[in-house]
Amino acid sequence: MNYKLLMNFALETGEIMLENGAETFRVEDTISRILKSSNCQTAEAFVTPTGIFATLDHSDIDCLTYVRRIKKRTINLSKIAGANHISRGFCNGDLSLEAAMYAIEQEKKQADYPSYLRVIATGLSTAFFALVFGGNSIDFFASLMVGVIFAILEIILLYTGTSKFFIDLTGGFLAGLIPYFLIHIIGYPCNYDLVVISSIMPMVPGVAITNGIRDSLHGELISGVARIADAFIIAISIAVGVGFALLILI
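Below or above, wherever it landed, is the structure these notes cover. Computed from a prediction, not measured in an experiment: that's the story for all the values here.

1. A look at the state of the cysteines
A complete count under the given rule lists zero disulfides for this structure. Here Cys 40 stays free of any disulfide, with the sulfur of Cys 63 as its closest cysteine sulfur at 9.8 Å. Given a relative accessible area of 13%, Cys 40 falls into the buried group.

Below, the structure is given as structure tokens:
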């Protein structure tokens, strides 16, 4: 068996899953299963939200220890499902190592969701949150406008390499600024509080909090605490953005 290729396949699979929002314990389990298919005496993996550490050792090979740094984190369940499907196919013997490596490379090259779809999804989710919170059609369209503007700005900021903290800070600021502009400048009779709450909902780090709790329950204490802390930092940045808008407007 080509042990280096096996290690690269395991790391590529883990990287795709971790970058796109998979739980740490799930990534670690996937990498371990791939490495243990080699029947080596030592096949270990240790995963944190920002890095993957893997070791493969046997009596007839030199010890292999790889480190993979994770710098990008987003949510894309489609890529997680694709990587998980490929890894299971390899572990079940349905795919050879070479075929599995080719498949995971193709999965990695797949583009994220198109920009227009992200704008539409963010706008509609924001708008329908307004209805969930008891708003009317006026609040629906006001929230839709805020969601679309934020989504477009987020895509631009991500393209320029802006940090997630600043993006969420800007999003919170827009959520507080745009409804005020609609009401007091244009005269659009929407409910300010309801539109603000609806507008920040797509930014709320619900997945990060859920993954942090699940990691903690599975004994991944470092990853669990790190994910929960990251979620609270995002929540604080959103609150600061809205608070700053209120401070300069009211």
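2. As for the environment of Ile 52
For Ile 52, the location among the structural elements is in strand 2 (residues 51-57). For Ile 52 and Pro 189, which are 137 residues apart along the polypeptide, the C-alpha to C-alpha distance reads 52 Å. In this view, Ile 52 contacts Leu 11, Gly 14, Glu 15, Leu 18, Ile 31, Phe 46, Val 47, Tyr 66, Val 67, Arg 68 and Ile 70; residues no more than four positions away in its chain are not counted.

3. Describing the sheet that holds strand 1 (residues 42-48)
Ordered in space as 1-2-3, the three strands form an open sheet in which the pairing is antiparallel. On the outer flanks of this sheet lie strand 1 and strand 3 (64-69), each paired with one strand and no other. Strand-to-strand twist of the sheet, defined as the mean angle between neighbouring strand axes without regard to direction, takes the value 10°. Looking at chain direction, strand 2 and strand 3 are connected through six bridges and run antiparallel. Each residue of the ladder has a partner; that of Thr 55, found in strand 3, is Thr 65. Packing of helix 2 (residues 24-36) onto the sheet brings it into contact with strand 1 and strand 2, and relative to strand 1 it is tilted by some 160°.

Cut-offs used in this document
- Residues numbered from 1 in each chain as written.
- Predicted model: local features only at pLDDT ≥ 70, side-chain atom pairs only at ≥ 80, totals over all residues.
- Heavy atoms only, no water.
- Disulfide = S-S within 2.5 Å.
- Buried < 20%, exposed > 50% of the residue type's maximum accessible area, 1.4 Å probe, protein only.
- Helix = DSSP H or I, 4+ residues; strand = E, 2+ residues; numbered from the N terminus.
- Contact = heavy atoms within 4.5 Å.
- Pairing = 2+ DSSP bridges.
- Axes fitted to C-alpha atoms, helices over the stretch in contact; angles between N-to-C directions.

These values are about where atoms sit, not about what they do.
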